[in-house]
Amino acid sequence: MSEAAPAAGTDFIRSIVAENIESGKHDGRVVTRFPPEPNGYLHIGHAKSICLNFGIASENEGGVCHLRFDDTNPCKEEDEFVASIKEDVRWLGFDWREHEYFASDYYEQLYEWAVQLIRAGKAYVCDLNADRIREYRGTLTLPGTNSPFRERPAAESLDLFERMRAGEFEEGSRVLRAKIDMASPNMNMRDPVMYRILKVAHHRTGDAWCIYPTYDFAHGQSDSIEKITHSLCTLEFEDHRPLYDWFLDALDVYRPRQIEFARLNLTYTVLSKRKLTDLVEEGHVNGWDDPRMPTLAGLRRRGYTPESIRDFCGRIGVAKADSTNEIEQLEHCLREDLNKRAPRVMGVLDPLRVVIENYPEDQSEELDAVNNPEDPDAGTRKVPFSRVLYIEREDFMEDPPKKFFRLAPGREVRLRYAYFITCTEVVKDANTGEITELRCTYDPATRGGDSPDGRKVKATLHWVSAAHAIEAEVRLYEHLFSEEFPESGGDWRDSLNPGSVKVLSTCRVEPGLAGAVPGSRYQFERKGYFCADPDATADRPVFNRTVSLRDTWAKIQKAQQR
């Protein structure tokens, strides 16, 4: 079922499944499905549903989870989205094996069922246009009004429906509607549309059809065809459940049980597919896989691991009431995972040149550096050291305040894995006064970072050898939105963060990062976690900052415990 299914927890859905198995309902079968519409890329909200559906199936003996594309709207669906969805589900660690389906596989059966409902007097062809249907529908406080075509004879509706299929009528001129109850307090039950005319080629069926079933009509019947046992949906479908059941009962076919759970909401994020599409099409981001996007493709490119996302989905649990999760909790899960698996390297993002004056000009050496202190099996690597180095500009202050312990004139600090150095001179640009170089001395006896005489230093700096380092581009990403709840009021676009990405083009990284494979993740010591980006060239790597080293969520948890 999966390479690494999320750990099973106790929640109301799993309790229902366990009770059904114990009672022998569905003959002990557990068949779930993940049913995306192929009209966009999957996002972090979908990850919760993926983990839930595939997780429940994998936790029960013989359980199966289907991947079904609910492709009922050819206007917005593309093969690109189908491919991306399959890639994302696999990347998360799940496998649907042979159980890949499309609602379009069932178009002929759905059509026959629609004909069956017309013959039974439970559906009719309506000539009202969309605006008039909306007008006749009523409001939450006022009942709807019957369509003047509601009592159209079944034979006439059958004839018109066949002619709709044959392409005889224009878009918007006619629809097929279920005949239920225009006075129902549930707006979804007020004679909903089952079929509409769309003269658009379908990504799978081409021009074979010019009428297409609505999601509400296709969804439950697709579940029934596939003998789904537990149809798990987010809460916005709760009001659709009576319609889901009505269609299945009216057709007298196998009826799965629809169960609703709270969707995943995240601070500093929008998850509406329409708004995500707007972000892409309006140029606010650079495509669906922009590392600022909450799409799984974007998170993957930023450097998120599938393990961290599964862990996050497991921790937030499954509830019946909507809530919003802090993005800091997602980042906490990511840091925990990357801390265990990401190799450590040294990269200087804002280089300041350092010359070790008492180090021989024609000499260099290799020092041992630990790859990952959390993983003893990761071993060590060699990093080159020479007379001229780069350190972070922020690691030096000419006139430091009291609690600044890094490099300053006359002060000694440790270079990671290397030596103690002391700043002896500051070189500045004659015109601007900007510091361009530091002159230092080193203590040869401190090789490896410790002093034989036991003296201590208060700071350890990362560095790279100027002669050996390679130039790299680093993209520092922040939240795409500056407001915690971007949709809380006004135009959500007003909450876009103008500083959501900063590109640094003159960074220096240790030579072992030359040719870093896109998707490779690293911890740049003291700076954060970074991921190699596909935009890299043979002679110039590009890295995306995945997440900083500071853990805001851990601080939030500590504050809550006080």
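Residues numbered from 1 in each chain as written. Predicted model: local features only at pLDDT ≥ 70, side-chain atom pairs only at ≥ 80, totals over all residues. Heavy atoms only, no water.

## Thoughts on the nonpolar core
Consideration 1: Counting 37 residues, the largest nonpolar core has Ile-44, Ile-50, Phe-54, Val-89, Leu-92, Leu-296 and Ile-309 as the members making the most contacts within it.
Consideration 2: Of all elements in the fold, only α2 (44-59), β2 (64-69), α3 (79-91), α10 (296-302), α11 (306-316) and α12 (327-341) reach the threshold of two or more residues within this core.
Consideration 3: Of the residues forming this core, the biggest block, six residues, is contributed by α2.
Consideration 4: Excluding anything up to four places from it in sequence, Leu-92 contacts Ala-47, Ile-50, Leu-296, Pro-306, Ile-309 and Arg-310. (Core = buried A, V, L, I, M, F, W, Y, C linked by side-chain atoms within 4.5 Å. Buried < 20%, exposed > 50% of the residue type's maximum accessible area, 1.4 Å probe, protein only. Helix = DSSP H or I, 4+ residues; strand = E, 2+ residues; numbered from the N terminus. Contact = heavy atoms within 4.5 Å.)

## A closer look at the pairing of strand β18 (residues 435-443)
Consecutive residues of a regular strand have side chains that alternate between opposite faces of the sheet.
Consideration 1: The sheet contact formed by strand β12 (residues 351-356) and β18 spans four bridges and is parallel. The residue of β18 that forms the bridge with Val-354 is Leu-438.
Consideration 2: Note that strand β17 (residues 420-428) and β18 share eight bridges and pair antiparallel. Residue Lys-428 lies in a different strand from β18, and its bridge partner there is Ile-435.
Consideration 3: Taken together, β17 and the strand that follows it, β18, pair antiparallel across an intervening segment of six residues, in which Gly-433 is found at a positive phi of about 80 degrees. (Pairing = 2+ DSSP bridges.)

## Focus on the sheet that holds strand β7 (residues 211-213)
Consideration 1: Strand order across the open sheet formed by four strands is β4-β5-β6-β7, with antiparallel pairing between neighbours. With partners counted over all chains shown, the strands left at the sheet margins are β4 (123-126) and β7, one partner each. Averaged over all pairs of adjacent strands, the angle between strand axes in this sheet comes to 20 degrees, irrespective of strand direction.
Consideration 2: Packing of helix α6 (residues 154-165) onto the sheet brings it into contact with β4, β5 (175-178), β6 (193-197) and β7, and relative to β4 it is tilted by some 60 degrees. (Axes fitted to C-alpha atoms, helices over the stretch in contact; angles between N-to-C directions.)

## Observations concerning the confidence of the model for the protein
Consideration 1: Summary statistics for the protein give a mean pLDDT of 95 and a share of 96% for residues scoring 70 or more.
Consideration 2: Here residues 1-8 is a poorly scored stretch, pLDDT under 50, and it has 24 contacts once near neighbours within four places are set aside; other chains count. (pLDDT = per-residue confidence, 0-100.)

## Here's the deal with the packing of helix α7 (residues 215-225) against helix α8 (residues 241-251)
Consideration 1: Running from N to C, α7 and α8 point in directions that differ by 60 degrees, and their axes come no closer than 9 Å. Looking at the two axes, α7 sits oblique to α8. For α7 against α8, the interelement crossing comes out right-handed. Mapping the contact onto sequence places Asp-216, Phe-217, His-219, Gly-220, Gln-221, Asp-223 and Ser-224 in α7 and Leu-243, Tyr-244, Phe-247, Leu-248 and Leu-251 in α8.
Consideration 2: In terms of residue class, the contact of α7 with α8 is built from six nonpolar, four polar and two charged. (Parallel < 35°, antiparallel > 145°, perpendicular 65-115°, else oblique. Left-handed = near helix turned anticlockwise from the far one by under 90°. Nonpolar A, V, L, I, M, F, W, Y, C, P; charged D, E, K, R; others polar.)

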